[in-house]
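Overview (structure and organization)
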Amino acid sequence: MKPIRVLIAKPGLDGHDRGALIIAQALRDHGMEVIYTGLRQSPIQIARAAVQEDVDVVGLSSLSGAHNSLFPKVVAALEKEGASDIPVIGGGVIPAEDIPHLEEQGVKKIFTSGAPTDATAIYIKQLMNQETRTAPKKVSHIGIAVENIEQSLAFYQHTLGLEVEAVEEVASEQVRVAFLPIGDTRIELLEPLSDESSIRKFIAKKGEGIHHIALEVDDIAKRLEQYQVEGVPLIHKEPKQGAHNSQIAFLHPKAAGGVLYELTEPKGEQ
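Conventions we followed
Residues numbered from 1 in each chain as written. Predicted model: local features only at pLDDT ≥ 70, side-chain atom pairs only at ≥ 80, totals over all residues. Heavy atoms only, no water. Buried < 20%, exposed > 50% of the residue type's maximum accessible area, 1.4 Å probe, protein only. Helix = DSSP H or I, 4+ residues; strand = E, 2+ residues; numbered from the N terminus. Pairing = 2+ DSSP bridges. UniProt positions renumbered as here; feature names shortened; annotations may be inferred. Arc of directions from axis to C-beta. Contact = heavy atoms within 4.5 Å. Phe/Tyr/Trp six-rings, centres within 6.5 Å; stacked < 30°, edge-to-face > 60°. 1 Å grid on protein atoms, 1.4 Å probe; cavity = no way out; pocket = protein on both sides within 12 Å on 5 of 7 lines; lining within 4 Å. Points joined across faces, edges and corners; volume = space filled by probe spheres on them.

Considering the pairing of strand E3 (residues 57-62)
Among the 6 residues that make up E3, 6 are buried, leaving the element largely enclosed by the rest of the structure. Side-chain alternation along E3 places Val 57, Gly 59 and Ser 61 on one buried face and Val 58, Leu 60 and Ser 62 on a second face that is also buried. Here 4 bridges tie strand E1 (residues 5-9) to E3, and the two strands are oriented parallel to one another. For Ala 9, the partnering residue across the bridge sits in E3 and is Leu 60. Both E3 and strand E4 (residues 88-92) contribute to a ladder of 5 bridges, which runs parallel. Within E4, the residue paired with Ser 61 across the bridge is Gly 91.

Observations regarding the UniProt feature "domain: VOC" (unreviewed entry) in the chain
Mapped onto this numbering, the UniProt entry annotates "domain: VOC" (unreviewed entry) at residues 138-266. In residues 138-266, helix accounts for 24% and strand for 37%; the two terminal C-alpha atoms are 12 Å from one another.

Concerning helix H2 (residues 43-52)
If you check which residues of H2 are buried, you get Pro 43, Ile 46, Ala 47, Ala 49 and Ala 50. Viewed along the axis of H2, the buried residues span an arc of 160 degrees, placing them on a single side of the element. In this fold, the buried residues of H2 make contact with E1, E3 and helix H3 (67-80). Just downstream of H2, Asp 54 is the residue with a positive phi angle, here 50 degrees.

A look at the environment of Thr 117
Relative to the helices and strands, Thr 117 resides in helix H5 (residues 117-128). Judged by its relative accessible area of 29%, Thr 117 is partly exposed. Residues Thr 117 and Leu 27, 90 residues apart in the sequence, show an inter-C-alpha distance of 8.1 Å. Apart from the residues within four sequence positions on either side, Thr 117 is in contact with Ile 22, Ile 23 and Ala 26.

A closer look at the packing of aromatic side chains
Under the counting rule described, the total for this entry stands at 2 aromatic pairs. Considering the side-chain rings of Phe 111 and Tyr 123, the 5.7 Å spacing of their centres and the 70 degrees angle between planes classify their relative orientation as edge-to-face. Remark: Tyr 123 occurs in helix H5 and Phe 111 occurs in strand E5 (residues 109-111); sequence separation between them is 12 residues. Judged by centre distance (5.1 Å) and plane angle (85 degrees), the rings of Phe 155 and Tyr 156 are edge-to-face.

Examining the layout of surface pockets
Approximately 540 Å³ is the volume found for the largest pocket. In terms of lining residues, the largest pocket is bounded by 15 residues, among which Lys 109, Phe 111, Ala 119, Arg 133 and Glu 230 are the most central. For the lining of the largest pocket, the elements supplying multiple residues, two or more each, are E5, H5 and helix H8 (220-230). The element best represented in the lining of the largest pocket is H5, accounting for 5 residues.

What follows is the structure, given as structure tokens:
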């Protein structure tokens, strides 16, 4: 298979290219052919180099704070050179609030300074294979650990005015759960059924409260495979049976700054 060719460029007057060189080496380690333009390139120089080198992707690095101006100019220069089909990604010291603007201007993806180099390489491979990840469909539910469902229902039913949709036991997690719809999502009350239940251990350590956020996704098995390749910390490497006959898996809190996320793929009648 033909290796992916990537042009790494430093637009503008930014004189620091250590980050660009690290990314270039990381992409080579993933089997890609990397062309580095060197420092202080103009957008038109970068676009012409991309066309001449027949690259598949252009990666821009910026530490100067001029990314909001320079990155869109590279996208425009590629269009001017008849190469708008070459995707542009960017990285460096880029504030999160600038990401929507850059993506609106045609930059495919922004990698902030804390992103692992492997994440950039994996994204480029997914981009070339048209396998870029879609966002979860919605927040399926918010799981709340409680000592006793019946005793907790008074607040949710009578104070908030919610209705109980269903109550069931989930043997695999040794819990009893109650679902209360609220808009397009649900509150899930989790009551431990044994001392071995993770919910019992959670309550013993932290008390009652929010335990996890569940995100509804398609093809949970494929998503877990991708996460394993990317080195994302997981509690479950394969989906397991959850409530409502759904398939579920938990990401390790280390993956998300201490927040426990559940992936859930509904199966059958809800």
